[in-house]
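Descriptive structure summary
So you can see what is in the structure, the chains are spelled out below.
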Amino acid sequence: MIILLEPNVPAETHRKLVERVRSLDLDVVPLELGARRALEIVGSDPSRVLGLADADGVLEILTRRTPLVSGEPIWPHFTIRVLIATLLLIVLLALLTAFFPPGLGDRATATPPADAPSVEWYLRPLEVLLHKLPAAIGGWVVLLFWLGLFLLPFLDRADTSTARGQLQLLILRVVGLATLAAGILFALGVLS
Amino acid sequence: MSRSGNAASRLAQARGAFLGTRSRFRAFLSHAASTLVSPHYRGARWITALILILFVTQLLTGTLLSLYYHPDPASAHESTHFIIDNVPTGWLVRSIHAWSADLLLILVVAHLLLVFLRRAYARPREYQWVVGVLLLVFTIAFRFTGRLLPWDEAGHAATLAGLNLLEEVPILGDAAAQWLMGGDAFGAKSLGRFYTTHALILPWLVVFLVAVHVYLLLRHGLKGGDR
């Protein structure tokens, strides 16, 4: 974040502002520059500007109690958005609960009935891998997939400043998306 | 004079220490807020917020269900029936617990996908990714261990099928399945193991890992230097 100061901010106000932003432990760089020059520094990312402060703006920042995000206070701007998202989530859960309540079948017996459902949706991709591939290979493919997922940051060393690196990254993304798409289709039972 | 002067000095020191602590706490809150609600990557931010809300929902509803649930094969099914039929809003709490578990799993996968596509796992956030994948594994484990608890036919069959799959995974699969079953075969001990894993072990593990995940996020910030 960068705070931009107009050139006419008094020295004492400037000193207080620097103390204030340091106490907030934010990555704030007060710049005593004209607005145009400061915007050139910020470049094409104006969201990094915390506030364009003149003398009155500085006083407001000095006395503010709520942290800012891109010049917007957490309260009420972001808080209300989080509350709305929570409300929508509750509505979604209420609808699912009302129209598709989870059932409770008969008490389990020692041997499940023949028509009992097989694995749940999130394990179907695993089931397909283990049962469609030869027995010895399927398990290792699953193990290697999870190992690769864990170690992805250490395996992906593509240098995106080169064409070769960009191609490597593209291939990785295509493989990742294809794997996910296959997993979803297996989970939904479209493929089996 | 000297004694009162010392007392005043000590009071001033104590006040300074208290305010200092509060100031550091405020600084931490401010830093956390500016990182967690960054204006960038809005989709990812809302997914993360929903994941946290759903996780808290799981903890709350799970705690309520555990007040009436009996993790014993002889009474597990009856206690689940009791929750649905006799406990006020018990059916609603159980339903929310079940549906939010599915939504949570979907959103964790979506979050991981967004991180993957943005390559936000790259240095210095490698360990944040590793912790995130661990959280995905534990979210699946949560869902899997919870399905047996009502002790009905469908859950029983799904769990047996899942354990059979787990046993086929080399190195780790067999040991994990045996640990969950409480022996070489699925039996009376298994429900207790599933319940302990679901209600005691996994919640603490996940709370710890979420704390590490958020700590690493605050330490390294979001990708793009957008703090």
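Residues numbered from 1 in each chain as written. Chains lettered and ligands numbered in written order. Predicted model: local features only at pLDDT ≥ 70, side-chain atom pairs only at ≥ 80, totals over all residues. Heavy atoms only, no water.

Right, let's talk about the overall build of chain A for a bit. Across its full length, chain A carries 8 helices and 5 strands. Mapped from its N terminus to its C terminus, chain A presents α and β elements in the order β-α-β-α-β-α-β-β-α-α-α-α-α. Sequence separation of at least 24 residues holds for 55% of the intrachain contacts in chain A that already meet a minimum separation of 6. Roughly 11,900 Å² of accessible area belongs to chain A as shown, and the carbon and sulfur atoms make up 66% of that amount. (Helix = DSSP H or I, 4+ residues; strand = E, 2+ residues; numbered from the N terminus. Contact = heavy atoms within 4.5 Å. Areas by Shrake-Rupley, 256 points an atom, 1.4 Å probe, with all protein chains shown as cover.)

Quick look at the side chain of His213 of chain B now. Counting through the fold element by element, His213 of chain B comes out in helix α8 (residues 188-220). Discounting residues that sit within four places of it in the chain, His213 of chain B has contacts with His111, Gln128, Val131, Gly132 and Leu135 of chain B.

On to the pattern of salt bridges. This model, assessed by the stated rule, comprises 6 salt bridges over all chains. Asp156 of chain A is paired through a salt bridge with Arg119 of chain B; the nearest N and O atoms lie 2.8 Å apart. With Asp156 of chain A in the loop between α7 (152-155) and α8 (163-188) and Arg119 of chain B in the loop between α4 (90-117) and α5 (126-148), the pair connects residues from two separate chains. Under the relative-accessibility criterion, Asp156 of chain A is labelled buried at 11%. Between Asp102 of chain B and Arg143 of chain B there is a salt bridge, and its shortest N-O distance comes to 2.5 Å. You can see Asp102 of chain B sitting in helix α4 and its partner Arg143 of chain B sitting in helix α5, a full 41 residues away along the chain. Here Asp102 of chain B matches Arg143 of chain B in class, with each residue buried. (Salt bridge = Lys/Arg side-chain N within 4 Å of Asp/Glu carboxyl O. Buried < 20%, exposed > 50% of the residue type's maximum accessible area, 1.4 Å probe, protein only.)

Position of Pro170 of chain B among the secondary structure elements: in the loop between α6 (153-168) and α7 (173-181). With residues near it in sequence (within four places) discarded, Pro170 of chain B still touches Gly139, Trp140 and Leu143 of chain A.

Next up on the list: the confidence of the model for chain A. Taken residue by residue, chain A gives an average pLDDT of 72. The fraction at 70 or more is 57%. Between residues 44-55 of chain A, whose pLDDT stays under 50, and residues either more than four places distant or in other chains, the model counts 34 contacts. (pLDDT = per-residue confidence, 0-100.)

Residues and elements named next belong to chain B. Omega for the bond connecting Arg123 with Pro124 falls within 30 degrees of zero, at 10°, which places this linkage in the cis form. Non-glycine residue Arg119 carries a positive phi angle of around 55°. Residue Arg119 is classed as buried on the basis of its relative accessible area, which comes to 13%. Even without a glycine there, the phi angle at Trp151 is positive, about 55°. The topology assignment puts Trp151 in the loop between α5 and α6. For Trp151, a relative accessible area of 8% corresponds to the buried category.

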